[in-house]
Amino acid sequence: LVGGNIGDTVYTLDEYHQRVILSKIDQKGFLHDSSVFVDCGDRSVTVDNKGNVYVANGEVYVFDSHGNRIGTIDVPERPTSLLFRGDTLYITAVSSLYQVMLN
């Protein structure tokens, strides 16, 4: 499930093809103008308040809003879910919860 408002850009995960899809939310709340954002991703995707996209794919890969990879966050276990609260990224794994403070 993805939350957003009319006109927002949202990122969804195509787990089967392991890629992130970029879409817009139309006036009726449906996704449209969808395209492949990056060919990476098998578990979760989230966005920080600067528009950078974080993708769980063995590690956490960080992309700018144009799809350029700008970093990697190494995690001791394979990440399963990603969530931002403020400047803090929470990463769940099979048996652990990780917290990463970002600037």
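Just so it is clear, the structure is predicted and the values come from calculations on it, not from any experiment. (Residues numbered from 1 in each chain as written. Predicted model: local features only at pLDDT ≥ 70, side-chain atom pairs only at ≥ 80, totals over all residues. Heavy atoms only, no water.)

So, the overall build of the protein
Turning to step 1, where the next piece is worked out: Looking only at helices and strands, the protein has zero helices and ten strands in total.
Turning to step 2, where the next piece is worked out: When the helices and strands of the protein are read in sequence order from the N terminus, they spell out β-β-β-β-β-β-β-β-β-β.
Turning to step 3, where the next piece is worked out: Its C-alpha atoms give the protein a radius of gyration of 13 Å, near enough to 13 Å, the size a compact globule of 103 residues would have.
Turning to step 4, where the next piece is worked out: Sorting the 103 residues of the protein into buried and exposed places 38% on the buried side.
Turning to step 5, where the next piece is worked out: Sequence separation of 24 or more characterises 23% of the internal contacts of the protein that already satisfy a separation of 6 or more.
Turning to step 6, where the next piece is worked out: A gap of 3 Å separates the mean positions of the 8 positive and 13 negative side-chain charges of the protein. (Helix = DSSP H or I, 4+ residues; strand = E, 2+ residues; numbered from the N terminus. Rg over C-alpha atoms; globule rule 2.2 N^0.38 Å. Buried < 20%, exposed > 50% of the residue type's maximum accessible area, 1.4 Å probe, protein only. Contact = heavy atoms within 4.5 Å. Lys, Arg positive; Asp, Glu negative; His and termini not counted. Charge placed at Lys NZ, Arg CZ, Asp CG, Glu CD.)

Let's talk about the pairing of strand 1 (residues 9-14)
Two faces belong to every sheet, and in a regular strand the side chains alternate between them.
Turning to step 1, where the next piece is worked out: In terms of strand pairing, strand 1 meets strand 2 (residues 19-25) through six bridges, oriented antiparallel. Among the inter-strand pairings, Leu13 is bridged to a residue of strand 2, identified as Val20.
Turning to step 2, where the next piece is worked out: Taking the residues that link successive antiparallel strands as the turn, the strand 1-strand 2 hairpin has four residues, and the phi of Gln18 there is positive, at about 50°. (Pairing = 2+ DSSP bridges.)

Description of the sheet that holds strand 5 (residues 53-57)
Turning to step 1, where the next piece is worked out: Ordered in space as 4-5-6-7, the four strands form an open sheet in which the pairing is antiparallel. The open sheet terminates on both sides in strands that have one partner only, identified here as strand 4 (44-47) and strand 7 (69-73). Neighbour-to-neighbour, the strand axes of the sheet open up by a mean angle of 20°, direction not taken into account.
Turning to step 2, where the next piece is worked out: Here four bridges tie strand 6 (residues 59-63) to strand 7, and the two strands are oriented antiparallel to one another. Looking at the pairing, Val62 lines up with Gly71 of strand 7. (Axes fitted to C-alpha atoms, helices over the stretch in contact; angles between N-to-C directions.)

Notes on the side chain of Ser23
Turning to step 1, where the next piece is worked out: In this structure, Ser23 sits in strand 2.
Turning to step 2, where the next piece is worked out: What makes Ser23 buried here is its relative accessible area of 3%.
Turning to step 3, where the next piece is worked out: Among the polar contacts made by the side chain of Ser23, one reaches the side chain of Ser34 at a distance of 2.6 Å.
Turning to step 4, where the next piece is worked out: Setting aside anything within four residues of it in sequence, one finds Ser23 in contact with Asp8, Thr9, Val10, Leu31, His32, Asp33 and Ser34. (Polar contact = N/O pair within 3.5 Å; in protein donor to acceptor, adjacent residues only side chain to side chain.)

Brief notes about the sheet that holds strand 8 (residues 79-85)
Turning to step 1, where the next piece is worked out: Read across the sheet, three strands follow the order 8-9-10 without closing on themselves; strand pairing throughout is antiparallel. If you trace the sheet from one side to the other, it starts and ends with strand 8 and strand 10 (97-101), each paired once. Ignoring strand direction, the axes of neighbouring strands in this sheet form an average angle of 20°.
Turning to step 2, where the next piece is worked out: Relative to strand 9 (residues 88-93), strand 8 runs antiparallel, the two being bridged by six bridges. For Leu83, the partnering residue across the bridge sits in strand 9 and is Tyr90.

Topic: the packing of aromatic side chains
Turning to step 1, where the next piece is worked out: For the structure shown, the criterion picks out three aromatic pairs.
Turning to step 2, where the next piece is worked out: Between Tyr11 and Phe37 the ring centres are 4.9 Å apart and the planes differ by 70°, which places this aromatic pair in the edge-to-face class. Here Tyr11 is found in strand 1, whereas its partner Phe37 is found in strand 3 (residues 31-38), with 26 residues between them in sequence. By the burial criterion, Tyr11 is buried, and Phe37 matches it. (Phe/Tyr/Trp six-rings, centres within 6.5 Å; stacked < 30°, edge-to-face > 60°.)

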